[in-house]
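An overview of the molecular structure
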Amino acid sequence: MIGFAIFGAGFIGTVHATNIAAHPRAHLRYIYDVNRRAAEQLAQRLRSTVASSPEEIWSAADVDAVVIASSTNTHATLLSQAIQAGKAVYCEKPVDLEIERVKSVVQEARQSPRPIMIGFSRRFDRNHLAVHEAVQQGEIGKVEMVLLTSRAQEPPPLSYIQVSGGQFRDQTIHFFDLACWLTNEAPVEVYAAGAALVDPAIGDVGDVDTSMLILKMPSGALCHIDNSRRTTYGYDERIEVFGSRGMVQSRLKPLREISLYRDHQVISPGPYPSWFERLEPSFATALDAFIRVLEGQQVVYPTLLDGLRAQLIAEAALLSLRQNVPVKITYWQPA
Ligand SMILES: NC(=O)c1ccc[n+]([C@@H]2O[C@H](COP(=O)([O-])OP(=O)(O)OC[C@H]3O[C@@H](n4cnc5c(N)ncnc54)[C@H](O)[C@@H]3O)[C@@H](O)[C@H]2O)c1
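Parameters at a glance
Per chain, the residues get numbers from 1 upward, laid out in the order the sequence is written. Local features in this predicted model are restricted to residues of pLDDT 70 or higher, and side-chain atom pairs are both shown and tallied only at a pLDDT of 80 or more, whereas totals for entire chains, interfaces and linings draw on every residue. Side-chain measures were taken over the full set of non-hydrogen atoms in the model, leaving aside hydrogen atoms and water. UniProt positions are given in the numbering used here, feature names are shortened, and annotations may be inferred rather than shown by experiment. The secondary structure listing takes helices from DSSP runs of H or I that are at least 4 residues long and strands from runs of E that are at least 2 residues long, numbered from the N terminus. Boundary definitions for the domains trace back to an automatic or database domain assignment. By definition, residues are in contact when any of their heavy atoms lie within 4.5 Å. The quantity reported as buried area is the accessible area (1.4 Å probe) lost by two parts once they are put together, taken as the sum for both. A pair is scored as a salt bridge if a Lys or Arg side-chain nitrogen falls within 4 Å of a carboxyl oxygen belonging to Asp or Glu. Side-chain atoms alone can form a polar contact between residues adjacent in sequence; in general such a contact is a pair of N or O atoms within 3.5 Å, and within protein one must be able to donate a hydrogen while the other accepts it. Each residue is assigned to one class: nonpolar for Ala, Val, Leu, Ile, Met, Phe, Trp, Tyr, Cys and Pro, charged for Asp, Glu, Lys and Arg, and polar for all the others, Gly among them. Using a 1 Å grid laid over the protein atoms alone, points where a 1.4 Å probe fits but cannot get out form a cavity; open sets with protein on both sides within 12 Å along at least 5 of 7 lines form a pocket; any residue with an atom within 4 Å of a point counts as lining. Grid points are joined across faces, edges and corners, and a volume is the space filled by probe spheres set on the points. One heavy atom within 4 Å of a molecule or strand is enough for the residue carrying it to be called near that molecule or strand. Here the open area of atoms and residues is found with the Shrake-Rupley method and a 1.4 Å probe, where only the protein chains shown may cover a residue. Cavity and pocket membership follows a simple rule, namely that a molecule belongs there if more than half of its atoms are within 2 Å of the grid points. Only buried residues count toward a nonpolar core, which is a set of Ala, Val, Leu, Ile, Met, Phe, Trp, Tyr and Cys residues joined through side-chain atoms within 4.5 Å. A 1.4 Å probe rolled over the protein chains alone gives each residue an accessible area, and that area as a share of the maximum for its type sets the label: buried under 20%, exposed over 50%, partly exposed in between. Classification of ring pairs uses Phe, Tyr and Trp, with its six-membered ring standing for Trp, and accepts pairs whose centres are within 6.5 Å; under 30 degrees between planes counts as stacked, over 60 as edge-to-face, and the remaining range as tilted. With strands facing away from the observer, any crossover in which the path from the first strand over the helix to the second runs clockwise is taken as right-handed. Only when DSSP finds a minimum of two bridges between them are two strands counted as paired.

Some words on the UniProt feature "domain: Gfo/Idh/MocA-like oxidoreductase N-terminal" (unreviewed entry) in the protein chain
- Per the UniProt record, the feature "domain: Gfo/Idh/MocA-like oxidoreductase N-terminal" (unreviewed entry) sits at residues 3-120.
- Measuring from the first to the last C-alpha atom of residues 3-120 gives 22 Å, for a span that is 42% helix and 21% strand.

So, the domain arrangement of the protein chain
- Along its sequence, the protein chain is carved into domain 1 (2-114) and domain 2 (125-273 + 303-328).
- Taking only C-alpha atoms into account, the centre of domain 1 sits 28 Å from that of domain 2.
- Counting residues at the interface gives twelve residues for domain 1, matched by 13 residues for domain 2.
- A buried area of about 1000 Å², summed over both sides, lies between domain 1 and domain 2, and 75% of it is on carbon and sulfur atoms.
- Its largest share of buried area at the contact with domain 2, domain 1 owes to Lys93, Leu97 and Ile99, together 51% of the area lost on that side.
- For aspartate 170, the salt bridge identified is with lysine 93, shortest N-O distance 3.8 Å.
- Scanning the region where domain 1 abuts domain 2 turns up two residue pairs in polar contact (both at pLDDT 80 or more).
- In terms of residue count, the dominant contributor to the side of domain 1 that touches domain 2 is helix H5 (residues 99-109) (six residues).
- When the residues that make up the side of domain 1 that touches domain 2 are grouped by side-chain class, the tally is nine nonpolar, no polar and three charged.

Observations concerning the layout of surface pockets
- The volume enclosed by the largest pocket comes to roughly 1100 Å³.
- Together, 40 residues line the largest pocket, and Phe11, Lys93, Tyr160, Asp170 and Trp275 are the ones closest to its centre.
- Of all the secondary-structure elements, those providing two or more residues to the lining of the largest pocket are helix H1 (11-22), helix H7 (158-164), helix H8 (167-183) and helix H10 (275-294).
- Per element, the largest residue contribution to the lining of the largest pocket is five residues, and it comes from H8.
- Grouping the amino acids of the lining of the largest pocket by side-chain chemistry returns 16 nonpolar, 15 polar and nine charged.
- Residues lining the lining of the largest pocket come from more than one domain, with at least three contributed by each of domain 1 (2-114) and domain 2 (125-273 + 303-328).

Some points on the UniProt feature "domain: GFO/IDH/MocA-like oxidoreductase" (unreviewed entry) in the protein chain
- The UniProt entry lists residues 129-248 under the feature "domain: GFO/IDH/MocA-like oxidoreductase" (unreviewed entry), expressed in the numbering used here.
- Across residues 129-248, helical content stands at 31% and strand content at 33%; the span's end C-alpha atoms are separated by 12 Å.

Observations regarding the site of the ligand
- Around the ligand there are 22 residues in total, and Phe11, Ile12, Asp33, Thr72 and Glu92 lie nearest to it.
- At a separation of 3.3 Å, an oxygen atom of the ligand approaches a polar side-chain atom of histidine 75.
- In the environment of the ligand, a nitrogen atom lies 2.9 Å from a nitrogen or oxygen atom belonging to the side chain of glutamate 92.
- Contact with the protein chains hides 78% of the accessible area of the ligand, taken as 860 Å² for the molecule alone.
- Among the detected pockets, the ligand sits in the largest pocket.
- Sorting the residues of the shell around the ligand by element identifies H1 and H10 as the ones contributing at least two each.
- Tallied by class, residues from the shell around the ligand come to eight nonpolar, eleven polar and three charged.

Section: the nonpolar core
- Ile57, Val66, Leu148, Phe176 and Val241 are the most contacted members of the largest nonpolar core, which has 68 residues in total.
- A domain split of this core shows at least three residues from each of domain 1 (2-114) and domain 2 (125-273 + 303-328).
- Among residues more than four places away in sequence, those in contact with valine 66 are Ala5, Phe7, Ile57, Trp58, Ala82, Lys87, Ala88, Val89 and Tyr90.
- The next biggest cluster of nonpolar side chains, apart from the first, holds 34 residues, and it includes Ile2, Ile31, Phe283 and Val293.

Topic: the packing of aromatic side chains
- Tallied over the full model, the rule gives nine aromatic pairs.
- An angle of 55° between the planes, with centres 6.1 Å apart, marks the rings of phenylalanine 4 and phenylalanine 290 as tilted. On the criterion of sequence distance, the pair formed by phenylalanine 4 in strand E1 (residues 2-7) and phenylalanine 290 in helix H10 is long-range, its members being 286 residues apart.
- Taking the relative accessible area as the measure of exposure, phenylalanine 4 reaches 0% and is therefore buried.

Quick word on the pairing of strand E2 (residues 26-32)
- Within E2, five of the seven residues are buried, leaving the element largely enclosed by the surrounding structure.
- As a crossover connection, the stretch from E1 through H1 into E2 is right-handed.
- As judged from the two bridges shared by E2 and strand E3 (residues 49-50), these two strands associate in the parallel manner. Across the sheet, residue tyrosine 30 finds its bridge partner in E3, namely threonine 49.
- With helix H2 (residues 36-46) bridging E2 and its parallel neighbour E3, the resulting β-α-β unit is right-handed.

Let's talk about the environment of alanine 134
- Relative to the helices and strands, alanine 134 is located in helix H6 (residues 126-136).
- For alanine 134 and glutamine 249, which are 115 residues apart along the polypeptide, the C-alpha to C-alpha distance reads 9.8 Å.
- Contact partners of alanine 134, with chain neighbours within four places excluded, come to Glu139, Ile140 and Val248.

Here's what the structure looks like:
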């Protein structure tokens with residue numbers, strides 16, 4: 001049994017806590033949230049215990065691993081404390097919106113022998129995984145083009161957009177990671193164009209809600225990512241990898257795989273209503289992968305360095321958007 005504690009009893013913290021409680025080889029020992037009422041409600045539902053402080057978790061011998069699912073501005077500090085306490089960590093993205101803070105945590109993590117996994121949960125979607133497997137096994141030959149579509153059903157509240165770091169750091173970050181994971185490469189250059197076409201208020205706070213990006217990979221492969229904060233038809237996420245021998249797709253996933261044929265028409269259900277409904281199973285699969293890592297199994301998982309890599313691409317993309325020029329991407333390695 002792996003003993004867990006979780007920081008954050010909000011939206012995604014509740015998802016992780018529920019998955020830990022349901023996992024046959026995990027035990028959710030503590031929940032901590034600065035909003036004690038939220039922690040209490042969750043602890044009551046999952047028969048767990050509310051920690052009165054983070055220190056209680058750091059000193060608990062029965063806590064082997066922590067999930068950091070609290071607000072973004074708390075991740076770096078909690079990561080640093082977890083490293084010092086010798087706990088394994090599953091940390092939600094992003095590590096921090098300040099890139100220098102991310103680098104300093106990555107540097108600190110060099111001293112830790114414990115696994116630190118970043119919540120790039122899309123890597124664990126079963127269709128995306130099958131695309132990855134086909135590419136890695138050479139089914140489509142040499143990768144030449146990757147097309148990624150990321151279209152949310154509706155924009156989040158403006159209050160969220162203002163603290164999210166913007167579309168690239170918040171939404172596209174998952175797709176920067178997917179592009180690297182699928183190709184086994186990190187892009188050398190990015191060009192981004194975008195506008196606030198969905199809601200001018202998003203533009204007024206300095207962000208875009210509609211964007212297209214081109215990434216150039218060292219092998220010469222090209223990657224295109226399109227993002228929108230609004231569809232009129234549900235959540236739209238797709239992957240296509242095109243290579244010298246063929247193509248592999250993770251298609252737009254419909255809510256149900258049925259079609260009604262009548263009156264010279266075919267009626268089929270549309271996509272999932274929201275990103276969460278579409279991707280919910282991937283969170284449990286990601287947690288299971290983390291648990292298998294802790295059990296000593298050979299599992300490839302998204303690391304802190306992968307989190308930093310995706311954020312560095314996001315920073316370069318933002319610069320490209322602002323300056324309207326392609327921007328070279330500079331990576332950083334800990335000493
Ligand atoms: N991987 C994904 O697809 C995905 C999806 C959603 C959210 N996230 C990330 O998860 C994080 C949380 O997002 P959310 O939507 O659940 O937000 P939320 O606002 O619903 O929940 C955040 C919770 O953290 C608590 N909190 C704040 N400071 C804390 C501290 N110091 N210690 C413990 N708890 C603290 C808040 O009281 C709140 O209950 C964000 O960083 C977000 O980017 C990732």
